[in-house]
Amino acid sequence: MAGGNERSMKALKEVWKRAENSLCADCGKPDPDWASSTLGVFICLSCSGIHRNIPSISKVKSLKMDYWDDAQVQFLAKHGNAVTKAIYEAHIPIYYYQPTYNDCQVLREQWIRAKYERKEFTEPGKQLPYSDGVKEGILWKRGRDNGQFLPRKFLLSEREGRLKYFIKQDAKEPKINVKIDVINATFQPEKIGNPNGLQITYLKDNKTRNIFVYHESGKALDWFNAIRSVQFHYLKVAFPIASDNEIKNRLTRNFLKEGYMEKTGPKQREAFKKRWFTLDHRRLMYFRDPLDAFAKGEVFVGSGENGYSVQKGLPSGTQGNFSWHYGITIVTPDREYLFTCETESDQLDWIRAFTSVINQAMTPQEYAIEAYFKFKS
């Protein structure tokens, strides 16, 4: 720490090593080595870049390389992550999605701005743009067949427990009218090619349907949290004895893993074909293109105690031609599914994701889904 005197350095290190300051105050990343001298929080390098974009609120400095004077160190000592969180995160709605360091830039930036710039969570009962149970507006939606993004009117209603969208703003009947409890939403900026890209999925005839949208002025996060808000209140009525945390765990979820693999058919003699795979908990879906509306097929991944397992490599004597050589075998009670990955790193990442699902016991609802997959096959 260039130019720092010994006393300040020692005092700074004492504050820095407090347990409360061992994780980034904004995204939870371990071992933060930056801090805000005006807010008193310890943050990681990535979040410090976001803070730097709101200089009227936060001034950031490196804990290793910058000089901290006695007054700044005392300010950090008086505040720190615990005290500052108690102020700026005092009244976060239970349904509000709090991003981690694994989430995209937009989620983390809007979380930081919501806390410190807009002060959305400092007062109880504050009216927020995603909390009144109704949201209506224009989202740019990708066409299922032509791939063009066109403006469409969306309507989200807590009273009806539905999400709708209309081809024209004055249309009487919606193009889709979906119950809120079968909807998932997740940010997909890279896949969609827009920093505010949002993937909305829902079940139709027990198949997953994808809708890809973005908001041109960056309000996708309001739609995202509005969906979570409506879901939360809908499920509170549907499951009156469930705790808030139990319901929170049933709201929107990130996909466990996405990416390309090659797969072969059930006879295991066909050539392996490159497909885009999405692991949404126990549903492994594969697509010809990442932005397809419907999956080409789905594989149910059950629990180990029900005869499911994942193995590294392919069975000896596999006959199908494949160009990637890092194999994965999913074993189910009925058959084996064979995949190949381009790199060993991809292979190990997929195996970890599958293992995390297989190690979990199945719920009654998941037994019903498994029965549907078996009946369909």
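Computed from a predicted model, the values in this text were never measured in an experiment. (Residues numbered from 1 in each chain as written. Predicted model: local features only at pLDDT ≥ 70, side-chain atom pairs only at ≥ 80, totals over all residues. Heavy atoms only, no water.)

Asker: So what exactly am I meant to see when it comes to the domain arrangement of the chain here?
Answerer: Where interface size is given, it is often the accessible area lost as the parts come together that is meant. Entries for the chain in the domain assignment read domain 1 (1-117), domain 2 (134-249) and domain 3 (257-375). Computed over C-alpha atoms, the centres of domain 1 and domain 2 are 33 Å apart. Listed per partner, the contact involves 8 residues of domain 1 and 14 residues of domain 2. Between domain 1 and domain 2, the buried area comes to about 1100 Å², and carbon and sulfur atoms account for 74% of it. (Domains from an automatic or database assignment. Contact = heavy atoms within 4.5 Å. Buried area = accessible area lost by both parts, 1.4 Å probe.)

Asker: Explain the UniProt feature "domain: Arf-GAP" (unreviewed entry) in the chain to me, please; I cannot follow it from the model alone.
Answerer: UniProt's entry tags residues 6-129 with the feature "domain: Arf-GAP" (unreviewed entry), counted in the numbering of this structure. Between the first and last C-alpha atoms of residues 6-129 the distance is 48 Å; the span itself is 40% helix and 6% strand. (UniProt positions renumbered as here; feature names shortened; annotations may be inferred. Helix = DSSP H or I, 4+ residues; strand = E, 2+ residues; numbered from the N terminus.)

Asker: Please explain the nonpolar core as it appears in this structure.
Answerer: Nonpolar side chains tend to gather and get buried jointly when the protein is soluble and globular. Counting residues in hydrophobic clusters, the biggest one holds 55 residues, and the most contacted among them are Ile 43, Tyr 96, Leu 156, Ile 183, Phe 187, Ile 200 and Phe 224. Here this core takes 9 residues from helix 7 (residues 220-238), the largest share from any one element. Counting the residues that make up this core, at least three belong to each of domain 1 (1-117) and domain 2 (134-249). With residues up to four places along the chain from it excluded, the contact list for Ile 183 reads Leu 163, Val 178, Ile 200, Thr 201, Tyr 202, Ile 227 and Gln 231. (Core = buried A, V, L, I, M, F, W, Y, C linked by side-chain atoms within 4.5 Å. Buried < 20%, exposed > 50% of the residue type's maximum accessible area, 1.4 Å probe, protein only.)

Asker: Help me out: how do you make sense of the sheet that holds strand 10 (residues 207-214) in this one?
Answerer: Strand pairing within a sheet occurs via backbone hydrogen bonds; the two strands may be parallel or antiparallel. Across the sheet, 7 strands lie side by side as 7-6-5-4-10-9-8; this open sheet has antiparallel pairing. A single partner strand is all that each edge strand has here, and the edge strands are strand 7 (176-179) and strand 8 (183-187). Geometrically, the sheet is characterised by an average inter-axis angle of 35° between neighbouring strands, direction not taken into account. Pairing of strand 6 (residues 162-166) with strand 7, which is carried by 4 bridges, proceeds in the antiparallel orientation. Its bridge partner being in strand 7, Arg 162 is matched across the sheet by Lys 179. Its contacts with the sheet place helix 7 against strand 4 (134-142), strand 5 (149-157), strand 7, strand 8 and strand 9 (197-204), and it is angled at close to 150° to strand 8. (Pairing = 2+ DSSP bridges. Axes fitted to C-alpha atoms, helices over the stretch in contact; angles between N-to-C directions.)

Asker: Is there a simple way to explain the packing of aromatic side chains in this structure?
Answerer: In this description, an aromatic ring pair is defined by two values, namely the gap between the centres and the angle between the planes. Under the defined criterion, the tally for this structure stands at 19 aromatic pairs. When the ring of Tyr 96 is compared with that of Trp 111, the centres are 5.8 Å apart and the planes differ by 35°; the resulting orientation is tilted. Linking Tyr 96 in the loop between helix 4 (80-88) and helix 5 (105-117) with Trp 111 in helix 5, this pair joins segments that are 15 residues apart in sequence. Since its relative accessible area comes to 2%, Trp 111 is described here as buried. Judged by centre distance (6.4 Å) and plane angle (75°), the rings of Phe 154 and Trp 223 are edge-to-face. One end of the pair, Phe 154, is in strand 5; the other, Trp 223, is in helix 7, with 69 residues separating them in the sequence. Exposure class is identical for Phe 154 and Trp 223. Each is buried. Among the aromatic side chains, those forming a connected cluster through ring pairs are Tyr 95, Tyr 96, Trp 111, Phe 121 and Tyr 130. Just above the ring of Tyr 260 sits the side chain of Lys 274; from NZ or CZ to the centre is 4.5 Å. One Lys or Arg, Arg 335, reaches over the ring of Tyr 337 and ends 3.8 Å from the middle of that ring. (Phe/Tyr/Trp six-rings, centres within 6.5 Å; stacked < 30°, edge-to-face > 60°. Lys NZ or Arg CZ within 6 Å of the ring centre and 35° of its normal.)

Asker: Please explain the sheet that holds strand 15 (residues 309-312) as it appears in this structure.
Answerer: On the basis of which strands lie adjacent, the open sheet formed by 7 strands has the order 14-13-12-11-17-16-15 and antiparallel pairing. Both outer strands of the open sheet, strand 14 (297-300) and strand 15, are each paired with one neighbouring strand and no more. Pairs of neighbouring strands in the sheet enclose a mean axial angle of 35°, with direction left out of account. Packing of helix 9 (residues 344-358) onto the sheet brings it into contact with strand 11 (257-263), strand 12 (273-280), strand 13 (283-287), strand 15, strand 16 (326-331) and strand 17 (336-341), and relative to strand 15 it is tilted by some 160°.

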